[in-house]
Amino acid sequence: MTLPSTYADRNCSLARALEVVGERWTLLIVRDAFFGVRRFGDFATQLKIPRAVLADRLKSLVREGVLTRDDDAAGGVEYRLTAKGVELWPVVRALMHWGDAFYSPSGVRRAARHDRDGGLLDHEGRCQECGAAVPVPEIRLEPGPGFDPEGTGHDPVSTAINTPRRLLEPIVTPRTSSARGREAGTRRAAGTRRAAEPAG
Ligand SMILES: [Zn+2]
């Protein structure tokens, strides 16, 4: 679509994959979807991306089956990762790890832990506590030693993202109806209980 197609590209799945996620902003939108961002305005706030570009990228990700676009209970629209989209997590994780290794001298910017036992995940996503290959919804991200509080926004979406939380857990910003806020509060409480259980 956006990259010129060559004969060499026809037999390279990396070239095909980059047609879907290789444009500027696209993987950042996918990353934010992993962080729990679901609404157009929240993506726009967090990424400071031109709205026309955001609309274009979201449309393309929906067309490729990476995101779904659904009406939410409050009469708005929500974008969520599909199963196909969730399979991009190792790509996002590997690029974050590479960025930490070469461009973050004071350490990882975001640490990944197994929400159940608090074990740190290695660069392949395996829990160093229980040895499990941790599924995406059980991964908790939290600011690491390389995290720079000055280098982040202070809007509700950024604040939520920079607070330890599980991947895919929806971010509920103040505009949302109180009913959905209560629902999310229940899920958070459930997550806390699980985290408090002993390991094993
Ligand atoms: Zn574990």
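Structure's up top.
Each value, and the rule that gives it
- Residues numbered from 1 in each chain as written.
- Predicted model: local features only at pLDDT ≥ 70, side-chain atom pairs only at ≥ 80, totals over all residues.
- Heavy atoms only, no water.
- Pairing = 2+ DSSP bridges.
- Helix = DSSP H or I, 4+ residues; strand = E, 2+ residues; numbered from the N terminus.
- Patch = residues over 30% accessible without salt bridge, like charges linked within 9 Å, V, L, I, M, F, W, Y side chains within 5 Å.
- Areas by Shrake-Rupley, 256 points an atom, 1.4 Å probe, with all protein chains shown as cover.
- Salt bridge = Lys/Arg side-chain N within 4 Å of Asp/Glu carboxyl O.
- Buried < 20%, exposed > 50% of the residue type's maximum accessible area, 1.4 Å probe, protein only.
- Axes fitted to C-alpha atoms, helices over the stretch in contact; angles between N-to-C directions.
- Parallel < 35°, antiparallel > 145°, perpendicular 65-115°, else oblique.
- Left-handed = near helix turned anticlockwise from the far one by under 90°.
- Contact = heavy atoms within 4.5 Å.

Colleague: Quick rundown of the sheet that holds strand β5 (residues 165-166)? Include the residues and the values.
Modeller: If you trace the three strands from one edge of the open sheet to the other, you get β3-β4-β5, paired in antiparallel fashion. At either end of the open sheet lies a strand with only one pairing partner, and these are β3 (110-114) and β5. Summarising the sheet, strand β4 (residues 139-143) and β5 pair through two bridges and their orientation is antiparallel. By the bridge assignment for β5, L141 is matched with R165.

Colleague: Describe a nonpolar patch on the surface, with residues and values.
Modeller: A contiguous nonpolar patch, built from W98, F102 and Y103 and spanning about 420 Å² of accessible area, is present on the exposed surface. As for its placement among the helices and strands, Y103 is situated in helix α7 (residues 89-103). A relative accessible area of 54% places Y103 in the exposed class.

Colleague: Now, about the packing of helix α4 (residues 40-47) against helix α5 (residues 51-63): what can you tell me, with residues and values included?
Modeller: Axis separation between α4 and α5 bottoms out at 10 Å; the angle between their running directions is 125°. By the angle between their axes, α4 is oblique relative to α5. The element α4 and its partner α5 pack so that their crossing is right-handed. Side by side, α4 and α5 meet where F40, F43 and A44 of the first sit next to R51, L54, A55 and L58 of the second.

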